[in-house]
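Residue-level structure breakdown
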Amino acid sequence: MSVPWAAEAPPQTQPITGNDDVVRSRQHVRAFAQQCKLSLVDQTKFITAASELARNTLVYGGGGAMRAGLVERHGRRGVAAVFEDSGPGIPDTELALTDGWTSGGGLGLGLSGARRLVDEFFLDTEVDRGTTVTIVKWAR
């Protein structure tokens, strides 16, 4: 998935190698959500989804990185975050995206919970290659 990053604000990259980086990832997406003028409810949804995905990147992917920033498409503005790791990948994406399923250790939302909280959700994974998850929340 090609992310339509806003020209005036290139995305920021945040390595995710420890718990402090998960916190920093949350802080970055909060700042972009506020800059985009998302409602408080939409900010909370996006930050929660990003926090879960940053934690997954660390715990299940063995670490990686997040790129986040403002996006623009067809005159709409939003905020996006891309989480990438080179971990083991997800062997059963159907199961991983099942409501209520969690492998434990995260917020208990799982990928399906994160997907419900955002407007766009893209999962690209392959066993032994890693996982990339892209999320977008559009301003209303």
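Structure: see above.
Parameters at a glance
Residues numbered from 1 in each chain as written. Predicted model: local features only at pLDDT ≥ 70, side-chain atom pairs only at ≥ 80, totals over all residues. Heavy atoms only, no water. Salt bridge = Lys/Arg side-chain N within 4 Å of Asp/Glu carboxyl O. Helix = DSSP H or I, 4+ residues; strand = E, 2+ residues; numbered from the N terminus. Buried < 20%, exposed > 50% of the residue type's maximum accessible area, 1.4 Å probe, protein only. Axes fitted to C-alpha atoms, helices over the stretch in contact; angles between N-to-C directions. Parallel < 35°, antiparallel > 145°, perpendicular 65-115°, else oblique. Left-handed = near helix turned anticlockwise from the far one by under 90°. Contact = heavy atoms within 4.5 Å. Pairing = 2+ DSSP bridges.

Remarks on the pattern of salt bridges
Tallied over the entire structure, the rule returns 10 salt bridges. For Glu120, the salt bridge identified is with Arg73, shortest N-O distance 2.8 Å. Within this pair, whereas Glu120 is found in strand S4 (residues 120–126), its partner Arg73 is found in strand S2 (residues 64–73), the two being separated by 47 residues in sequence. The class of Arg73 is partly exposed, set by a relative accessible area of 26%. Each of Asp42, Asp119, Lys137 and Arg140 takes part in a single network of salt bridges with overlapping partners.

What to know about the packing of helix H1 (residues 19–35) against helix H2 (residues 40–59)
Running from N to C, H1 and H2 cross one another at 155 degrees; their axes reach a closest spacing of 9 Å. Our classification of the angle between H1 and H2 gives roughly antiparallel. Judged by the sense of rotation from one axis to the other, the crossing of H1 with H2 is right-handed. Residues Asn19, Val22, Ser25, Arg26, Val29, Arg30, Ala33 and Gln34 of H1 touch H2, and the partners they reach there are Gln43, Phe46, Ile47, Ala50, Ser51, Ala54, Arg55 and Leu58.

Some details on the sheet that holds strand S1 (residues 12–16)
Across the sheet, five strands lie side by side as S1-S2-S3-S5-S4; this open sheet has antiparallel pairing. Either end of the sheet is taken by a strand with one partner, and the two such strands are S1 and S4. Shown here is a sheet whose adjacent strand axes are inclined to one another by a mean of 15 degrees, direction ignored. Relative to strand S3 (residues 76–85), S2 runs antiparallel, the two being bridged by 10 bridges. Looking across to S3, one finds that Ala65 is bridged to Glu84. Of the strands in this sheet, S1, S2 and S3 touch H1, which is tilted by about 160 degrees from S1.

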